[in-house]
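Structural features, examined
As a plain string of letters, each chain reads:
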Amino acid sequence: MELEAYVAARRGALVRSAVLLGCPADDAEDLVQTTLARCLRSRRRVEAAENPDAYVYRVLVNTFRDLRARRWHGEVPTEHLPDRPDVDIDTATGLAVRAVLGELPVELREVLVLRYYADLTEREIAAVLGVRPGTVKSRASRALARLATHPRLRSTDAAT
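Residues numbered from 1 in each chain as written. Predicted model: local features only at pLDDT ≥ 70, side-chain atom pairs only at ≥ 80, totals over all residues. Heavy atoms only, no water.

1. Details of the pattern of salt bridges
If you walk through the whole model with that rule in mind, you get 7 salt bridges. Asp53 serves as the salt-bridge partner of Arg10, at 3.2 Å between the closest nitrogen and oxygen. With Arg10 in helix α1 (residues 3–21) and Asp53 in helix α4 (residues 52–70), this pair connects stretches of sequence that are 43 residues apart. One salt bridge connects Glu122 with Lys137, and the closest N-O pair in it is separated by 3.9 Å. Pair noted here: Glu122 is in helix α7 (residues 122–129) and Lys137 is in helix α8 (residues 133–149), with a separation of 15 residues, a long-range link. Residue classification places Glu122 among the partly exposed residues on the basis of a relative accessible area of 34%. Residue classification places Lys137 among the partly exposed positions, given a relative accessible area of 47%. (Salt bridge = Lys/Arg side-chain N within 4 Å of Asp/Glu carboxyl O. Helix = DSSP H or I, 4+ residues; strand = E, 2+ residues; numbered from the N terminus. Buried < 20%, exposed > 50% of the residue type's maximum accessible area, 1.4 Å probe, protein only.)

2. Considerations on unusual backbone geometry
Residues other than glycine predominantly adopt negative phi, and peptide bonds predominantly adopt the trans conformation. Positive phi values are uncommon outside glycine, yet Asp119 reaches one of about 60 degrees. Relative to the elements of secondary structure, Asp119 occurs in the loop between α6 (106–117) and α7.

3. Looking at the side chain of Arg139
Take Arg139: it is sitting in helix α8. Filtering out sequence-adjacent residues up to four positions away, Arg139 remains in contact with Glu107, Leu108, Val111, Leu129 and Val131. (Contact = heavy atoms within 4.5 Å.)

4. Regarding the confidence of the model for the chain
When pLDDT is averaged across the chain, the result is 83; 83% of the residues are at 70 or more. Mean pLDDT across the elements of the chain ranges from a minimum in helix α9 (residues 151–159), with 61, to a maximum in α7, with 94. (pLDDT = per-residue confidence, 0-100.)

5. A word on the nonpolar core
Ranked by size, the top nonpolar core spans 33 residues in total, and within it Leu14, Tyr57, Leu60, Leu114 and Leu120 carry the most contacts. Counting residues per element, the ones that place at least two in this core are α1, α2 (25–41), α4, α6, α7 and α8. Per element, the largest residue contribution to this core is 8 residues, and it comes from α1. Ignoring anything within four residues of it in the chain, the contact list for Leu60 reads Leu14, Ser17, Ala18, Leu21, Leu31, Val32 and Thr35. Counting residues in hydrophobic clusters, the runner-up holds 9 residues, among them Leu101, Leu104, Ala143 and Leu147. (Core = buried A, V, L, I, M, F, W, Y, C linked by side-chain atoms within 4.5 Å.)

6. Some details on the packing of α1 against α2
Where α1 contacts α2, the two axes come as close as 9 Å, and the packing angle between them is 140 degrees. For the crossing formed where α1 meets α2, the hand is right-handed. Within the contact between the two elements, α1 uses Leu3, Val7, Arg11, Leu14, Val15, Ala18 and Val19 and α2 uses Ala25, Ala28, Glu29, Leu31, Val32, Gln33, Leu36, Cys39 and Leu40. A breakdown of the residues in the contact of α1 with α2 according to their chemical character gives 13 nonpolar, 1 polar and 2 charged. (Axes fitted to C-alpha atoms, helices over the stretch in contact; angles between N-to-C directions. Left-handed = near helix turned anticlockwise from the far one by under 90°. Nonpolar A, V, L, I, M, F, W, Y, C, P; charged D, E, K, R; others polar.)

7. Some points on the packing of α1 against α6
In contact at an axis separation of 9 Å, α1 and α6 are set at 150 degrees when each is read in the N-to-C sense. The orientation of α1 with respect to α6, classified from their angle, is roughly antiparallel. Seen from above, α1 lies across α6 with right-handed handedness. Residues Ala13, Arg16, Ser17, Leu20 and Leu21 of α1 form the contact with α6, whose own contacting residues are Arg109, Glu110, Val113 and Tyr117. Classifying every residue of the contact of α1 with α6 by side-chain character gives 5 nonpolar, 1 polar and 3 charged. (Parallel < 35°, antiparallel > 145°, perpendicular 65-115°, else oblique.)

Pasting the structure below:
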């Protein structure tokens, strides 16, 4: 697969994955741009990869980790909170899931995003994260258990 065709087909999914990994929405485009620039420099490796998707997601996760390690992500105080728009149930559920994902440890969040959003297999996730498939399984199990018992998601589920 040519890299240009891949970018055209997958850019939106990469941006959404970046947001789900915990990247602020405003920075997700920049993260994906940096990821794709790195992939362009190693274009032959991406195109020769058995699964280019897994290769690019590995670069995305590593780039996110690198950038996160360099930045301070503290709260910024503000005098007035911005207005919150009314949201429907689907939007509320999506926001709740995103908020709860943000509370998970990074290693659990990465597994969930790569498995259920990027639709990578356990072996592909293991290769992306540099861990064993058994580690992927245990992290996914722990993450799903936390989601299943999280009160914010249970109350959202009850509203539907």
